[in-house]
Amino acid sequence: MSNFKEIEAFVSVAAKGSLSAAARADGVTPAMMGRRVDALEERLGVKLLLRTTRKLSLTFEGSAFLEDCQRILNDLANAEASVSLGGVKASGHIKVSAPAGFGRRHVAPLIRDFLRTHADVSCSLDLSDRLVDLVNEGVDCAIRIGELSDSSLVSVRLADNRRVVVASPEYLARCGMPATPDDLTQHDCLSLDPQRGWVFADPETPGKTRTIKVSGRFECNDGTVLHEWALGGIGMAWRSMWEVERDLASGALVSVLDSFAAPPTGIYALFPQNRRLPLRVRLLIDHLRGCFGRPDYWRGGA
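Digging into the nonpolar core
Reasoning step 1: If you look at the biggest cluster of nonpolar residues, it comprises 30 residues, and the most contacted ones within it are F102, I143, L158, I285, F292 and W298.
Reasoning step 2: Those elements giving two or more residues to this core turn out to be β3 (92–98), α5 (100–117), β5 (141–145), β6 (153–161), β14 (265–272), α9 (279–292) and α10 (295–301).
Reasoning step 3: Considering every element that reaches this core, the biggest residue donor is α9, with seven residues.
Reasoning step 4: If you look at the next biggest cluster of nonpolar residues, it comprises 17 residues, including A9, L19, A22 and C69.

This is how it looks when you write it as structure tokens:
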């Protein structure tokens, strides 16, 4: 039981950003909360939190451990809910947020199917590429792609997301095939505005990546347009597999520089810290994870 309390204390402190805030929420003193975190760090033999008089931050080990702890606590809450709810049907309203392009293609159709199965559940879907504030905007579940930075939210990994450089056969016949990422300086690259660079594995340093700044005559702040331009033979694009996998299978696009591809990031469902995650939200997350976990889904299931 004491081990469990230590983990709860660590998650609470990381989420709330201070010992005093976590202590108030748990009804104990900051000193008690600090002792629990100290005991956990001593038992594990690693430093999880860096504490000063003004700031509290997670170490690298703390960030990794936090994600596992959040998942474990959420799984436990779900198990308790399953037992206590028994045969109760899911009902009520869910507010979901997702990136616009991914949401149109891969979230909206699955929510439609989910609502067909759960007639007593309703949903409002907000498709936007801005970073929504789940707590202040009343969002029950947000879908996000890439690295996560907000430790106050619980994350469930739904799928991997890999990005590849693609071009049409017409473009490659006209302009040639790049052999290394450095060759991209000789090509028309379709840039997402604002340009953050294309990320590749660094062959000289295993496990490391390098970012290449690319250029070309065409820029746009909409990924769908870049995808269409690539299909039209205008240039090369750096796109997610969830967007181009069917085009690669059909031959409409060809992937290049695959041996330099960066490690995959994640597609996540995020929700606020909540021990009593509503059944409707839990079932929706399970539905998304189940669909995204099928290899055939990405090859044309949506």
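Section: the sheet that holds strand β12 (residues 237–240)
Sheet strands pair via backbone hydrogen bonds, and the direction of the pair is either parallel or antiparallel.
Reasoning step 1: Spatial strand order, β12-β7-β13: three strands in an open sheet with antiparallel pairing. Each end of this open sheet is capped by a strand with a single partner; those strands are β12 and β13 (254–256). Adjacent strand axes in the sheet meet at a mean angle of 55°, parallel and antiparallel pairs treated alike.
Reasoning step 2: In the sheet, strand β7 (residues 163–167) pairs with β12 via four bridges, with the strands oriented antiparallel. What sits directly across from V165, in β12, is W238.
Reasoning step 3: Against the sheet, helix α8 (residues 241–250) engages β7, β12 and β13, with an angle of about 105° to β12.

Structural notes on unusual backbone geometry
Reasoning step 1: In this structure, L257 takes a positive phi of about 60° despite not being glycine.
Reasoning step 2: As for its placement among the helices and strands, L257 is situated in the loop between β13 and β14.
Reasoning step 3: With a relative accessible area of 9%, L257 lands in the buried category.

Thoughts on the pairing of β6
Reasoning step 1: With seven of its nine residues buried, β6 lies for the most part within the structure.
Reasoning step 2: As judged from the eight bridges shared by β6 and β14, these two strands associate in the antiparallel manner. Paired with V156 across the two strands is A269, which belongs to β14.

Things to note about the environment of L40
Reasoning step 1: Mapped onto the secondary structure, L40 falls in helix α3 (residues 30–44).
Reasoning step 2: Look at L40 and you get buried, because its relative accessible area is 0%.
Reasoning step 3: Expressed as a C-alpha distance, the spacing of L40 and K89, which sit 49 residues apart in the sequence, is 39 Å.
Reasoning step 4: Those residues in contact with L40 that sit more than four places away from it in its chain are E6, I7, F10, L48 and F65.

Focus: the packing of aromatic side chains
Reasoning step 1: Scanning all chains against the criterion turns up eight aromatic pairs.
Reasoning step 2: The interplanar angle of 90° and the centroid separation of 4.9 Å between the aromatic rings of Y297 and W298 together place this pair among those described as edge-to-face.
Reasoning step 3: Members of the aromatic cluster, joined through ring pairs, are F102, W242, F292, Y297 and W298.
Reasoning step 4: Positioned above the aromatic ring of W238 is the side chain of R163, whose terminal nitrogen or guanidinium carbon lies 4.1 Å from the ring centre.

Structural notes on the packing of helix α7 (residues 223–231) against α8
Each pair of packed helices can be summarised by the angle the axes make with each other and by the distance between the axes.
Reasoning step 1: Taken N-terminus to C-terminus, the directions of α7 and α8 make an angle of 20°; their axes are 11 Å apart at the nearest point. Relative to α8, α7 is oriented roughly parallel. Note that α7 runs across α8; the crossing there is right-handed. Where α7 abuts α8, its residues G223, T224, H227 and L231 lie against E243, V244 and D247.
Reasoning step 2: The class makeup of the residues in the contact of α7 with α8 is two nonpolar, three polar and two charged.

About the thresholds
Residues numbered from 1 in each chain as written. Predicted model: local features only at pLDDT ≥ 70, side-chain atom pairs only at ≥ 80, totals over all residues. Heavy atoms only, no water. Core = buried A, V, L, I, M, F, W, Y, C linked by side-chain atoms within 4.5 Å. Buried < 20%, exposed > 50% of the residue type's maximum accessible area, 1.4 Å probe, protein only. Helix = DSSP H or I, 4+ residues; strand = E, 2+ residues; numbered from the N terminus. Pairing = 2+ DSSP bridges. Axes fitted to C-alpha atoms, helices over the stretch in contact; angles between N-to-C directions. Contact = heavy atoms within 4.5 Å. Phe/Tyr/Trp six-rings, centres within 6.5 Å; stacked < 30°, edge-to-face > 60°. Lys NZ or Arg CZ within 6 Å of the ring centre and 35° of its normal. Parallel < 35°, antiparallel > 145°, perpendicular 65-115°, else oblique. Left-handed = near helix turned anticlockwise from the far one by under 90°. Nonpolar A, V, L, I, M, F, W, Y, C, P; charged D, E, K, R; others polar.

Distances and angles like these do not, on their own, reveal function.
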